Amino acid sequence: MDPDGDLPVLLETSETNLPHQSFHESSTNVSVADSAAATMGSESFREFSDRGQISSNSSSDNDVSDEDSFVESGCNSNKPSTQDRFNESDMSSDEDWIEEPCEDEPMHNIKCLFCSEILSNAHSVLEHCQTVHHFSLPALQKKHGMDQYSFIRLINFIRSCSASSREVMDMDMPIWEQDKFMMPVIEDDALLMYDFDGDGPKESASDVVSTAASSTDSADNMKVQTEGKMFSNFRVANAEGGHVTLSQAHFDDLHATLQKMQLVVDESNATLKQYHKDMESMRKAMKHMVMGDKQKEEEDLAAMRCEEEEDEEDGYFSGYAHFSIHHDMLADKPRTDSYRDAIIKNSHMIRNKIVLDLGCGTGILSMFAVQAGASKVIGVDQSQIIFNAMAIIRENKMENKIKLVRGKIEEVTLNEPMVDVLVSEWMGYFLLFEGMLDSVIHARNKYLAPDGLMLPNSCSISMMAIGDSERYSEMVRFWDDVYGLKMTSMRPEVLREASIETVPVDKILSDPSLVLQLDLKTCTSQETEFFRVFQLKMTREDKLTALVGSFDVTFHLDHTVLLSTSPYSSPTHWKQTVFYLPEPITVHAGQVLDCSIKVQRHSKEVRWLDVTITINGDKFKYSLS
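This is a predicted model, so every value here is computed, not measured.

## Describing the overall build of the protein chain
Next up, step 1: From N to C terminus, the protein chain includes 19 helices and 20 strands.
Next up, step 2: A burial count over the protein chain gives 43% of its 625 residues as buried.
Next up, step 3: Summarising the internal contacts of the protein chain: among those between residues at least 6 apart in sequence, 74% fall at separations of at least 24.

Given below as structure tokens:
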């Protein structure tokens, strides 16, 4: 595919993320001054600091951040929207619409950036700077990825610091990228009004013509080279068939802008949410003054539960925006290979099918489905990682097959009444931690065709006994003597939390016992809470220090694939879930332990688990949170 070829719509969202038109200024200001100092050397940086008071400190409250500037410009009714620009152009013609410099640019007295020369308009100033001072805006734009706001900061930086053309052109870091340089140095500086938009002054026609004249086909080459020089830096957009298509470079710019805007939106939403909480607190305080204590206590308890649920939900999805999590999952070969084998080796069951990838993350399962011949793949994810997935999918030239939707599956609209295949890597620690199976079941019930495929379509949990006295001392007995001091009061808290770790095979004391089996094509959310009685037969004499849980998921297809997290299988990022005992229990070979396990959702957070285990009548409680 031509990298500058047409692009389809790649990302859909279920609803707008802009609840209000204006945004509060970001509390975090990113400065490149420190990086510039390291790149330029302390002496050079100090020189510019003396000239223009460059500082690595955060900008003041009066400064305008990049993000705020971008948002405000998008809301400014005086500026034409993208749609307006398309409407003003002749979209019926086959020629690309290109905005050319205005010939009747208003006259101004504008001082050169590097000398005392006065010129009549901004275009002349930039032509003069390029010709006389060898100051090339296109080269700076390419080197530093400059936009309109970078151009404004650059002009004010040069004027305030009296930087020479050579100094600016030789800089490895754009040290002018500080909000303080949004303030004009010269009042009503007409140069700041220049419509930069990624393009600088182009080479003069005479330069191009003289170059073209040296070729054998002077007339044709002159035209081609002149037009190529004149328009090479313009961004061209086409609108055909109701879709706007962009070049690779334009897409990359928009993708970066989208990520920046999402950060602004998320921060603004967080601020707005805090304001709502503050207003609600004031309302309750006023009501308390009138209604009394009893009703206030009931309302406060209900509100507290609601706020905690919202905070935990936000934290769950934001956790998957961190790249380290996706690195761990992608680097987990048993996990990723199992899904790839299940999809690719059963490609005849996926070819020409519509696939839903729930919790698509970086989009790797969606791309496997395309490789298997799927006619269309819909990737759904609530996390911000979906913006990276856009670039990844385009990088692999699969944007015509994969459509991404940001949002919760319970809330989004897929624009497809039914899908043929539902694939999801939904498993958490101890299989059920995180509670994502609820979303898989919802998607199955709402979108999967009656004869559709579930990948995977079966899962189970098994328990076994281990005896690892050395590890037990590290985890539990450690608190008996901490640098000569007792911290035994910590032991109950440590024991209450199930531990996620890799269990050595030589520490296992029993065969595994199955405690849960789910058919993912038919199971319900209620089945994820269960009580099961089981037995463990000891294989040797030792000290029982813990019970261990692991899970398997199976792709029961024409080519069956098993993904196991058992200690006997290749290690995965899920490892095993270890439930340590308060005190070790002596066991003998052939001894049978009568056990039971009860798994419930946490009373306040449905993604957490409460686990109760009994061994020969002794009860132990644990949590996964």
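Read on for the rest.
## Regarding the pairing of strand S20 (residues 618-624)
Next up, step 1: For strand S19 (residues 609-615) and S20, the ladder comprises seven bridges, and the chain directions are antiparallel. From the neighbouring strand, Ile613 faces S20, where its bridge partner is Phe620.
Next up, step 2: In textbook terms, the turn of a hairpin is the stretch between consecutive antiparallel strands, and for S19 and S20 this stretch comprises two residues, one of which, Asn616, has a positive phi near 50°.

## Focus on helix H16 (residues 385-395)
Next up, step 1: Listed as buried for H16 are Ile385, Ile386, Phe387, Ala389, Met390, Ile393 and Arg394.
Next up, step 2: At the C-terminal side of H16, Lys397 shows a positive phi close to 60°.

## Details of the confidence of the model for the protein chain
Next up, step 1: Chain-level pLDDT for the protein chain is 77 on average; 67% of the residues reach the 70-or-more range.
Next up, step 2: Ranking the elements of the protein chain by mean pLDDT puts helix H3 (residues 66-75) last, at 35, and strand S9 (residues 419-424) first, at 98.
Next up, step 3: Throughout residues 1-9 the model reports pLDDT below 50, and contacts reaching past four residues in sequence, or to other chains, amount to 21 contacts.
Next up, step 4: Contacts for the low-pLDDT stretch residues 52-105, under 50 throughout, to residues beyond four places or in other chains number 78 contacts.

## Regarding helix H5 (residues 122-133)
Next up, step 1: In this model, H5 (twelve residues) spans 15 Å end to end at C-alpha, consistent with the 16 Å of a helix rising 1.5 Å per residue.
Next up, step 2: Within H5 the residues assigned to the buried category are Ala122, Val125, Leu126, His128, Cys129, Gln130 and His133.
Next up, step 3: For H5, the elements touching its buried residues are strand S2 (110-111), strand S3 (118-119), helix H6 (137-144) and helix H8 (165-170).
Next up, step 4: If you check the start of H5, you find a side-chain oxygen 3.2 Å away from the backbone N of His123, and it comes from Asn121.
Next up, step 5: Just beyond H5, the residue with positive phi is His134, at close to 55°.

## Overview of the pattern of salt bridges
Next up, step 1: Taken as a whole, this structure holds 17 salt bridges when the rule is applied.
Next up, step 2: Where Asp189 meets Arg159, a salt bridge forms, and the shortest distance between an N and an O atom there is 2.7 Å. Placement of the pair is Asp189 in the loop between H8 and helix H9 (205-213) and Arg159 in helix H7 (residues 148-161), with a sequence separation of 30 residues. Like Arg159, Asp189 is buried.
Next up, step 3: Arg496 is the partner of Glu493 in a salt bridge, and the nearest nitrogen-oxygen pair spans 3.0 Å. One end of the pair is Glu493 and the other is Arg496, both in helix H19 (residues 491-496) and three residues apart, which spans about a single turn.
Next up, step 4: Judged by its relative accessible area of 47%, Glu493 falls in the partly exposed class.

## Some remarks on the UniProt feature "domain: C2H2-type" (unreviewed entry) in the protein chain
Next up, step 1: UniProt annotation of "domain: C2H2-type" (unreviewed entry) refers to residues 112-134 when read in the numbering used here.
Next up, step 2: End C-alpha to end C-alpha, residues 112-134 measures 13 Å, and it is 52% helix and 9% strand.

## Points about the sheet that holds S19
Next up, step 1: With respect to topology, four strands assemble into an open sheet ordered S14-S18-S19-S20, the strand pairing being antiparallel. Single-partner strands in this sheet number two, and they are strand S14 (530-537) and S20. Across the sheet, the mean angle from the axis of one strand to that of its neighbour is 20°, orientation sign disregarded.
Next up, step 2: In terms of strand pairing, S14 meets strand S18 (residues 592-601) through eight bridges, oriented antiparallel. Counterpart to Gln535 in the pairing with S18 is Asp594.

## Some details on the side chain of Ser366
Next up, step 1: Secondary-structure assignment places Ser366 in helix H15 (residues 364-371).
Next up, step 2: With relative accessibility at 1%, the residue Ser366 sits in the buried group.
Next up, step 3: Ignoring anything within four residues of it in the chain, the contact list for Ser366 reads Asp357, Cys360, Val377, Gly379 and Ile402.

## Brief notes about the environment of Glu583
Next up, step 1: Following the sequence through the fold, Glu583 ends up in strand S17 (residues 576-587).
Next up, step 2: Those residues in contact with Glu583 that sit more than four places away from it in its chain are Tyr472, Arg477 and Arg491.
Next up, step 3: Of the polar contacts made by the side chain of Glu583, one reaches the side chain of Arg491; its length is 3.3 Å.

## Section: the packing of aromatic side chains
Next up, step 1: Per the counting criterion, the structure on display carries eleven aromatic pairs.
Next up, step 2: Between the aromatic rings of Phe157 and Phe181, the centroid separation amounts to 5.5 Å while the plane-to-plane angle is 85°, which identifies the pairing as edge-to-face. With Phe157 in helix H7 and Phe181 in the loop between H8 and H9, this pair connects stretches of sequence that are 24 residues apart.
Next up, step 3: For Phe157, a relative accessible area of 0% puts it in the buried group.
Next up, step 4: With a centroid separation of 5.1 Å and an interplanar angle of 65°, the aromatic rings of Phe579 and Tyr622 are classed as edge-to-face. Taken together, the residues Phe579 in strand S17 and Tyr622 in strand S20 connect sequence positions 43 residues apart.
Next up, step 5: Cluster of aromatic residues (ring-pair linked, three or more members): Phe157, Trp176 and Phe181.

## Some points on the environment of Glu541
Next up, step 1: Mapped onto the elements, Glu541 comes out in the loop between S14 and strand S15 (542-555).
Next up, step 2: A relative accessible area of 55% means that Glu541 is categorised as exposed.
Next up, step 3: Spatially, the C-alpha atom of Glu541 lies 8.7 Å from that of Gly590, the residues being 49 residues apart in sequence.
Next up, step 4: Setting aside anything within four residues of it in sequence, one finds Glu541 in contact with Val587, His588 and Ala589.

## Considerations on unusual backbone geometry
Next up, step 1: At the junction of Leu455 and Pro456, the peptide bond is cis and its omega measures out at -5° in the coordinates.
Next up, step 2: Within the secondary structure layout, Pro456 lies in the loop between strand S10 (448-455) and strand S11 (458-466).
Next up, step 3: The phi angle at Asp188 is positive, at roughly 55°, despite the residue not being glycine.
Next up, step 4: The residue Asp188 is located in the loop between H8 and H9 in this model.

## With respect to the nonpolar core
Next up, step 1: Formed by 91 residues in total, the largest nonpolar core has its most connected members in Phe430 and Ile597.
Next up, step 2: Among the elements that make up this core, the one with the highest residue count is H15 (six residues).
Next up, step 3: What Ile597 contacts, discounting residues up to four positions off in sequence, is Phe430, Met463, Val515, Phe530, Phe531, Arg532, Phe534, Val611, Thr612 and Ile613.

## Notes on the packing of helix H14 (residues 333-344) against H15
Next up, step 1: Running from amino to carboxyl end, H14 crosses H15 at an angle of 25°, the nearest separation of the two axes being 9 Å. Looking at the two axes, H14 sits roughly parallel to H15. Two packed elements cross with a definite hand, and for H14 against H15 that hand is right-handed. Taking contact as the criterion, the partners of Thr336, Tyr339, Arg340, Ile343 and Ile344 in H14 are, on H15, Ile364, Leu365, Phe368, Ala369 and Gln371.
Next up, step 2: Tallied by class, the residues present in the contact of H14 with H15 amount to seven nonpolar, two polar and one charged.

Here is what the cut-offs are and how they apply
Residues numbered from 1 in each chain as written. Predicted model: local features only at pLDDT ≥ 70, side-chain atom pairs only at ≥ 80, totals over all residues. Heavy atoms only, no water. Helix = DSSP H or I, 4+ residues; strand = E, 2+ residues; numbered from the N terminus. Buried < 20%, exposed > 50% of the residue type's maximum accessible area, 1.4 Å probe, protein only. Contact = heavy atoms within 4.5 Å. Pairing = 2+ DSSP bridges. pLDDT = per-residue confidence, 0-100. Expected span 1.5 Å × (residues − 1). Polar contact = N/O pair within 3.5 Å; in protein donor to acceptor, adjacent residues only side chain to side chain. Salt bridge = Lys/Arg side-chain N within 4 Å of Asp/Glu carboxyl O. UniProt positions renumbered as here; feature names shortened; annotations may be inferred. Axes fitted to C-alpha atoms, helices over the stretch in contact; angles between N-to-C directions. Phe/Tyr/Trp six-rings, centres within 6.5 Å; stacked < 30°, edge-to-face > 60°. Core = buried A, V, L, I, M, F, W, Y, C linked by side-chain atoms within 4.5 Å. Parallel < 35°, antiparallel > 145°, perpendicular 65-115°, else oblique. Left-handed = near helix turned anticlockwise from the far one by under 90°. Nonpolar A, V, L, I, M, F, W, Y, C, P; charged D, E, K, R; others polar.

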